[in-house]
Amino acid sequence: MTFKKIPRGKGRAPKHVLPKETISKNHLLEQLQIASKRIESLKQLDSKSHFKHPLFGHLNLKESQKFLYIHTEHHLKIIRDIIR
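Residues numbered from 1 in each chain as written. Predicted model: local features only at pLDDT ≥ 70, side-chain atom pairs only at ≥ 80, totals over all residues. Heavy atoms only, no water.

A.B. asks: With reference to specific residues and values, describe the side chain of S49.
C.D. replies: For S49, the location among the structural elements is in the loop between α1 (25-41) and β1 (50-53). In contact with S49, not counting residues within four places along its chain, are L59, N60 and L61. (Helix = DSSP H or I, 4+ residues; strand = E, 2+ residues; numbered from the N terminus. Contact = heavy atoms within 4.5 Å.)

Here you go:
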C-alpha cells in the first residue's frame, strides 16, 4: 500500500473469488454494474467503518478506498497487457 502498487505474480486469488465457469461478456458487464453501485454506496458509510483484508488486516474506510483504487489499477494493468 505504501508504494501504491501490487507486484504481479506474487500472490494468488483466494479460491472463493475465482469464477467456476467461463465468464461471458454479459456476465462481466453485469458484475461491473454491481461494482459501480457498491463503490457509490461507500459514500454512505460511516467514516469509522472498516474492512478486514486477509493480508493487510483491518482497514478503515479511507484505507479501504485506497486499497480498492490500487487493486483496480493492478487489474487494469493486467488487462492492458493482455490487449497488447
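A.B. asks: If you had to explain the pairing of β1 to someone new, which residues and values would you point to?
C.D. replies: Of the strand pairs in this sheet, β1 and strand β2 (residues 57-60) are connected by four bridges, and their pairing is antiparallel. Bridge pairing links K52 to H58 in β2. (Pairing = 2+ DSSP bridges.)

A.B. asks: So what about unusual backbone geometry? Which residues, and what values?
C.D. replies: For K4, which is not glycine, the phi torsion reads 55° and is therefore positive. Of note, K4 is situated in the segment before α1. Here K4 falls in the exposed class, since its relative accessible area comes to 59%. (Buried < 20%, exposed > 50% of the residue type's maximum accessible area, 1.4 Å probe, protein only.)

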